[in-house]
Every structure is written in C-alpha cells, then in structure tokens.
Amino acid sequence: MKKLINNPETVVTQALEGVAAAHPSLSVDVENKVITRASGATPGKVGLVSGGGSGHEPLHGGFVGYGMLDAACPGEVFTSPVPDQMLAATKAVDGGAGVLHVVKNYTGDVLNFQMAAELAGDEGIEVVSVVVDDDVAVQDSLYTAGRRGTGATVFLEKIAGALAEEGADLAVVAAIAREVNERSRSFGVALSSCIVPAAGKPTFELGEAEVELGIGIHGEPGRTRAALTGATELAAVALDAISADMPVTGDLLVMVNGMGGTPLIELYLMFNEVRKYLEARGGRVARNLVGNYITSLEMQGFSVTVCRLTDSLTRLWDAPVDTPALRWGR
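Residues numbered from 1 in each chain as written. Predicted model: local features only at pLDDT ≥ 70, side-chain atom pairs only at ≥ 80, totals over all residues. Heavy atoms only, no water.

1. A few points about the sheet that holds strand 11 (residues 283-291)
Spelled out, the test is: For two strands to be treated as a pair, DSSP must find at least two bridges joining them. Put simply, DSSP H or I for four residues or longer makes a helix, DSSP E for two residues or longer makes a strand, and each gets a number counted from the N terminus. Only the stretch in contact is used when a helix axis is fitted, and all axes are lines through C-alpha atoms; the angle between N-to-C directions ranges over 0 to 180 degrees. Two residues form a contact once any of their heavy atoms are found within 4.5 Å.
One open sheet accounts for six strands, arranged 9-8-7-12-10-11; its pairing is mixed. Every other strand in the sheet has two partners, leaving strand 9 (224-227) and strand 11 as the edge strands with one partner each. Averaged over all adjacent pairs, the angle separating strand axes in this sheet is 20°, with direction ignored. The pairing of strand 10 (residues 250-258) with strand 12 (residues 301-308) spans seven bridges and is classified as antiparallel. Counterpart to Met 255 in the pairing with strand 12 is Thr 305. Relative to strand 11, helix 7 (residues 264-280) is tilted by about 165°, and along the sheet it contacts strand 10, strand 11 and strand 12.

2. Some remarks on the pattern of salt bridges
Inclusion rule: In what follows, salt bridge is the name for a side-chain nitrogen of Lys or Arg lying within 4 Å of a carboxyl oxygen of Asp or Glu. For each residue, the accessible area found with a 1.4 Å probe, counting protein chains only, is set against the maximum for its type, and the residue is called buried under 20%, exposed over 50%, and partly exposed in between.
One pass over the structure, following the stated rule, counts 18 salt bridges. Where Asp 109 meets Lys 104, a salt bridge forms, and the shortest distance between an N and an O atom there is 3.9 Å. A relative accessible area of 5% means that Asp 109 is categorised as buried. What emerges from the salt-bridge pattern is a single network uniting Arg 37, Lys 45, Asp 70 and Glu 165.

3. Observations concerning the pairing of strand 6 (residues 127-132)
On any regular strand, side chains alternate: one points to one face of the sheet, the next to the other face. For clarity, the threshold we go by: When the strands point away from the viewer and the connection leading from the first strand across the helix to the second strand turns clockwise, the crossover is called right-handed.
Note that strand 5 (residues 99-104) and strand 6 share six bridges and pair parallel. The partner of Val 103 across the bridge, within strand 6, is Val 131. The parallel pair strand 5 and strand 6 is bridged by helix 3 (residues 107-122), and the resulting crossover is right-handed.

4. Describing the nonpolar core
Put simply, the rule is: Nine residue types can take part in a nonpolar core, namely buried Ala, Val, Leu, Ile, Met, Phe, Trp, Tyr and Cys, and a core is a set of them joined through side-chain atoms within 4.5 Å.
Of all hydrophobic cores here, the largest spans 61 residues; its most connected members are Leu 48, Phe 63, Leu 100 and Val 173. Per-element accounting of this core gives the leading share, nine residues, to helix 4 (residues 152-165). Residues Val 136, Phe 187, Leu 234 and Val 285 belong to the second largest nonpolar core, which totals 28 residues.

5. Observations regarding the sheet that holds strand 2 (residues 34-37)
Taken in spatial order, the six strands line up as 1-2-4-3-5-6 in an open sheet, and their pairing is mixed. Where the open sheet ends on each side, the last strands, each with one partner, are strand 1 (26-29) and strand 6. Across the sheet, the mean angle separating the axes of adjacent strands is 20° when strand polarity is ignored. In terms of strand pairing, strand 3 (residues 47-54) meets strand 5 through four bridges, oriented parallel. For Gly 47, the partnering residue across the bridge sits in strand 5 and is Val 99. Each of strand 2, strand 3, strand 4 (71-77), strand 5 and strand 6 is contacted by helix 2 (residues 83-93), which is oriented at about 165° to strand 4, the strand it contacts most.

6. Observations concerning the packing of aromatic side chains
To keep things clear, this is the line we draw: For this analysis, a ring pair means two rings from Phe, Tyr or Trp (six-membered ring only for Trp) whose centres lie within 6.5 Å, classed as stacked if their planes differ by under 30 degrees, edge-to-face if by over 60, and tilted for the remaining angles.
Per the stated rule, a full pass over the model turns up two aromatic pairs. Relative to Trp 317, the ring of Phe 155 lies with its centre 5.5 Å away and its plane at 80°, an arrangement referred to as edge-to-face. Remark: Trp 317 occurs in helix 8 (residues 311-318) and Phe 155 occurs in helix 4; sequence separation between them is 162 residues. Note on accessibility: Phe 155 and Trp 317 belong to one class, buried. Between Trp 317 and Trp 328, the ring centres sit 5.4 Å apart and the planes meet at 55°, which makes this aromatic pair tilted. Pair noted here: Trp 317 is in helix 8 and Trp 328 is in strand 14 (residues 327-328), with a separation of 11 residues, a long-range link. Chaining the aromatic ring pairs together yields one cluster made of Phe 155, Trp 317 and Trp 328.

7. Some thoughts on empty space enclosed by the protein
How we decide: Cavities and pockets are defined on a 1 Å grid built over the protein atoms alone: a cavity is a set of grid points where a 1.4 Å probe fits but cannot escape, while a pocket is an open set with protein on both sides within 12 Å along at least five of seven lines, and lining residues are those with an atom within 4 Å of any such point. Grid points are joined across faces, edges and corners, and a volume is the space filled by probe spheres set on the points.
By the definition in use, this model includes one cavity of 30 Å³ or more. Approximately 50 Å³ is the volume found for the largest cavity. Taken together, Asp 135, Thr 150, Ser 186, Phe 187, Gly 188, Ile 215, Gly 216, Ile 217, Met 259 and Ser 303 form the lining of the largest cavity. Element by element, the count of residues in the lining of the largest cavity is highest for strand 7 (residues 184-190), at three residues.

Written out as structure tokens, the structure is:
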C-alpha cells in the first residue's frame, strides 16, 4: 500500500487539519470532526447538514459554504459519523428556522442521523431529514436497505442550499430536496478497487480485463462483473440502466463523476459519450459537472448522475455558490 499518510489511524483528523489550513472560509472542529461555515449560523435561514464516511472527498466538507451546506460531519473512512457529531453540527447551524439533514441511504447514516434529529428535537430544534437513494444499480447492498445514495447528493445539496439561501422555510426546502432526489438517477462503473488505509489491501479484486458494473462508493458489489469494453459501450451500460428507470428526455443536469483515480481526460471523453447517448434519445444536457465530486478513495472508474430539470430547478442550480469544491456566480 502506497499512500501519502503518516498513520492509518490519524488519516481523517490530519486531513481535517489540512482542510482548516487550506480554507479560511470554513471552521473545522478537528477533535469532534465537524465542519461549518466560519461565519456561523445565519439567523432566520434553514441550516443544511450532511455527512458520511470520509474517503468520498470533496463530499461533504468540500460543499460547505454559501449556497450549499452549512455543516458537514465526516466519519472515519467509509464509516458513518456518530450522532454526537451530527447533533453538534445541527446545533451549530440552527438559525431559528430549523435544520435539514441530507442523508445518503446507508444504514449507519440513516440510523445515526435519525438519533441526532431526535436529540435535536429534545433541545427545541426542528429537524427534517431527506434520504437520498438515487443509485439504480442494485436494490439492496452490503450497507443499505433499498437503493444507495450517491451522486444525486451533490445536486440535492446545491439546489436545496440555494433555496435555503433565499430564505425559504424548512418545509419548502425539504420538498425541493425530495423533488431533486425523485428526478435523479445514478450508476457507477469501477475499473479497479480502492484501498482503505486501515485495511492496507484492495477491497476487492478485479482482473486486468474486468470491470464491475453498478459499483457502490464503498466498493460494494454491483450488478455484474464483465469484460472491459470501450467508453461508448460503458456509457451505454450506465445509461441503459438509468433510462430503464427514468425518462432521459428534455433538459437534463448531468454529472460524469470520477471515483478518485480516473484522469480528467478520460472523464471528458466519457462525458461526450454520455452526451451523444442522451441526445440520441431526446435529451439535452442543459447543465453539467465533469470531475471528482463523490469519490471512493483512489478507485478508477466513473459514475453518471442524471437529473430531469424543471425551470425552477435550473434557476436554483444556476444560483450563486461559494464552497471549496463548487463555486460560481459570486
């Protein structure tokens, strides 16, 4: 195992120290593993909190800032944060208008956020949770009951975050978050495994000419293992699965996401294949992201996330955002 670390046990805390040093716009509580905006809670604004295991950077800490999240709770690598972290983050961003919890559908995340919401309620903070379950690859996995939450999390945090920034109330912000989740689907493909620092070896083995279709962001198995083919065919596998579950016509927001170890040249090539597939079926890529937004350490591969846009979703997507990993309009 070759990694730029000192000790597998201190990877997360030392990375958080680096986040604090790199981004003065963030306030990082390294000991309790909570990242908030340095400006603190905004009075009268709905607070947005998300979190999950580390190893998926920039998700979630990289999306804390104006127009997106107010706080993020990073757990250990591929491990859910604990309720105390989530409660601390919730209290820190409560501006009196309630707090939205954005929860990816992994059992540990769901249970721990639920407990944190109940604890926050006991302290008089209104909390609404929205669960993201956009992955069409498998119905159940090692970590979930139902579909996994993946790339749509980025869309949801951006769009709901924009609406919260405009002063919408908690019920309205939660409703738009649910709408984004309902209108989004994802599918991932792995060319290689990742190596969790504490394990020191690949999570799974893939042959030189094999790919895993429908992989999860923690290395969970996908639909099937298949022979490596060209980018055109791999794009079709992902989008066939998405289009079988949701129409891909009209204006679309599309993310071609790297899993952490894929060169950007390959992601742009893959985005073009995705664009051609969608246009041939009546879709128009009205907005897009290409790059690493929700990763799996150094895994090679890609995921595709498609969201069916409406005028209001497009407007909120275009609204200003200023975070370490996503920034435009300011």
